[in-house]
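The primary structure of each chain is shown beneath.
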Amino acid sequence: MTFNDFMNKVTAKNQGEPEFLQAVKEVVETIWDVYVADPRLVKANIMERIVEPERVVIFRVPWVDDKGNVHVNRGYRVQFNSAIGPYKGGCRFHPSVNLSSLKFLGFEQIFKNSLTTLPMGGGKGGADFDAKGKTEQEMMRFSQAFMMELFRHLGPNTDIPAGDIGVSGREVGFMFGMYKKLKNEFTGVFTGKGQNWGGSLIRPEATGFGTVYFADQMLKLKGESFEGKKVAVSGFGNVSWGATQKVNDLGGKVVTLSGPDGYIYDPDGIKGEKIDYMVEMRASNNDQVEDYAKKFNVEFFPGKRPWEVPVDIAMPCAIQNELNLEDAKNLVNNGAKVLCEGANMPCTPEAIQLLQENKVLFAPGKAANAGGVATSGLEMTQNSMRLKWSRDEVDEKLQTIMIAIHDQCVEYGKKPDGYVDYIKGANIAGFVKVANAMLDHGVV
Ligand code: NDP
Ligand code: 2IT
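### Some points on the overall build of the protein chain
Then, number 1: Across its full length, the protein chain carries 17 helices and 12 strands.
Then, number 2: Computed over its C-alpha atoms, the radius of gyration of the protein chain comes to 21 Å, within 12% of the 22 Å expected for a compact globule of 444 residues.
Then, number 3: In terms of overall dimensions, the protein chain has C-alpha extents of about 60 × 60 × 45 Å along its principal axes.
Then, number 4: Residues counted as buried form 58% of the 444 residues belonging to the protein chain.
Then, number 5: Summarising the internal contacts of the protein chain: among those between residues at least 6 apart in sequence, 72% fall at separations of at least 24.
Then, number 6: Carbon and sulfur atoms form 50% of the exposed surface of the protein chain, whose accessible area is close to 17,700 Å².

### Notes on the site of ligand 1
Then, number 1: Residues in contact with ligand 1 amount to 24 residues; listed here are only the nearest, Asp164, Thr207, Arg282, Asp287 and Asn344.
Then, number 2: Within the backbone of glycine 166, an N or O atom sits 2.9 Å from an oxygen atom of ligand 1.
Then, number 3: Residue assignment for the shell around ligand 1 shows that the elements contributing at least two residues are helix 8 (203-221), helix 9 (238-249) and strand 7 (253-259).
Then, number 4: Among the residues forming the shell around ligand 1, the class breakdown is eight nonpolar, 10 polar and six charged.

### Examining the site of ligand 2
Then, number 1: Lining the immediate environment of ligand 2, one finds 15 residues, of which Lys88, Lys112, Asp164, Arg203 and Ser376 sit closest.
Then, number 2: Here an oxygen atom of ligand 2 sits 3.0 Å away from a polar atom, N or O, in the side chain of arginine 203.
Then, number 3: Contact with the protein chains removes 94% of the 300 Å² of surface that ligand 2 exposes when unbound.
Then, number 4: Those elements that place two or more of their residues in the shell around ligand 2 are strand 3 (87-93), helix 5 (99-115) and helix 15 (371-385).
Then, number 5: Among the residues forming the shell around ligand 2, the class breakdown is two nonpolar, eight polar and five charged.

### Concerning unusual backbone geometry
Then, number 1: Here the phi dihedral of asparagine 321 falls at roughly 55°; this positive angle occurs in a residue that is not glycine.
Then, number 2: Tracing the backbone through its elements, the reader meets asparagine 321 in the loop between strand 10 (313-315) and helix 12 (325-333).
Then, number 3: Overall, asparagine 321 belongs to the partly exposed group, its relative accessible area being 30%.
Then, number 4: Backbone geometry at arginine 386 places phi at a positive 55°, although glycine is not the residue there.
Then, number 5: Classification of arginine 386 as exposed rests on a relative accessible area of 75%.

### Thoughts on the sheet that holds strand 7
Then, number 1: The strand order across the open sheet formed by seven strands is 9-8-7-6-10-11-12, and the pairing between neighbours is mixed. The open sheet has two edge strands, strand 9 (299-302) and strand 12 (361-363), and neither has a second partner. With strand direction ignored, the average angle separating the axes of adjacent strands in the sheet is 15°.
Then, number 2: Relative to strand 8 (residues 262-265), strand 7 runs antiparallel, the two sharing four bridges. Bridged to threonine 256 within strand 8 is tyrosine 265.
Then, number 3: Relative to strand 11 (residues 338-340), helix 8 is tilted by about 150°, and along the sheet it contacts strand 10, strand 11 and strand 12.

Calculation notes
- Residues numbered from 1 in each chain as written.
- Chains lettered and ligands numbered in written order.
- Predicted model: local features only at pLDDT ≥ 70, side-chain atom pairs only at ≥ 80, totals over all residues.
- Heavy atoms only, no water.
- Helix = DSSP H or I, 4+ residues; strand = E, 2+ residues; numbered from the N terminus.
- Rg over C-alpha atoms; globule rule 2.2 N^0.38 Å.
- Buried < 20%, exposed > 50% of the residue type's maximum accessible area, 1.4 Å probe, protein only.
- Contact = heavy atoms within 4.5 Å.
- Areas by Shrake-Rupley, 256 points an atom, 1.4 Å probe, with all protein chains shown as cover.
- Near = heavy atom within 4 Å.
- Polar contact = N/O pair within 3.5 Å; in protein donor to acceptor, adjacent residues only side chain to side chain.
- Nonpolar A, V, L, I, M, F, W, Y, C, P; charged D, E, K, R; others polar.
- Pairing = 2+ DSSP bridges.
- Axes fitted to C-alpha atoms, helices over the stretch in contact; angles between N-to-C directions.

Structure (structure tokens):
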């Protein structure tokens, strides 16, 4: 079978799932040569098996709002691959959630989790629920209703969810509480838990910190550092918040944030109380970054994305396909040197191609944002051992893991001219481990 035959078959089988097909194509085109060079993998038909989820659960989530109106949302859990460990991946509450977006996220999670060096399989879940304008009581009732079905599919050795867009510590608390009640047992079945009930220090910051540690490795390879660099960040949620803190720690300056409403430009840099304000904005369920512009008296650009601002480093940290060809052209023309994805698949394929052609160092989310799930893995380890590591211990382990991921990307992605194709490197390194585990397990 050729790569084109393979993609035609997958496309025919997954009609109406554009994000999933986008993710599959990006992975498979970079690993195809490695795959066909190993007759054991081809004989076991690993490629067709790895793009098929082991299981997808779709369920009704009925809930009652504060006025007594009954609503119904659709809940999902995609249990994609358990070859190297139990299913592991976040839950997303966002109106854009559908089977395609969760299959793309679950698929990416397989390779990301493999790269972390920890024993975690790939999964993802969520619901097409819009948190905008919801009260805390409504968030609780929805989270509980979601868990009333999902609980039966989870377990500390089966499937361990976490947060993602629209699901932060508060929602994890509501879901964990309902899980504990229904199962009548206290197990670390979620990660991103509160510090008093099994959570790991650094987990809230981990995705953003990890992305910056990864970008720092990319810069080091060029003999550079974050010191004095201007950085554009998108989003204003969990990942953007952690990334902004760590860029400051390393001597860089974050000058943008964005929301669905537009972006803000803060030439003085987002630091100190401004970073704390991000948490407030995120928790308000207000859906707009314009509040930042009003509070700190900076410029707001409605309906625009931050990639038109001249910066050295771009870190998209909001949502899939938020950075397109036109944005990539702006970044290249303005001299950006590094693009490191904090979100999952935020750049379109056309944008990535242009960035790579222009030798901008480009790191895909599955490598660069793996610090979140890696620290989830560390949370699971602490839960199993029934102890808690210090902030420094977790941070040190996170840094070691991000360096290991970077090393794997360089090992498999370095070209003869020295340019590192991080996409290729991440995909091959992530794939080889999972594919070999699938071979070992026979046809299951
Ligand atoms: P959050 O919900 O905390 O933040 C998402 C942010 O992006 C919100 O501020 C949201 O605004 C904003 N946003 C949504 N749509 C757009 C848009 N079209 N343009 C600009 N901003 C937008 O989620 P996270 O920070 O947890 O997740 C962000 C990304 O990082 C996602 O791709 C996620 O999959 C990925 N990720 C998250 C990890 C984690 O540990 N949390 C780990 C690895 C990856 P609003 O709320 O107003 O919609
Ligand atoms: O996309 C991701 O890696 C996450 N949302 C975190 C998953 C996790 O299980 O910590």
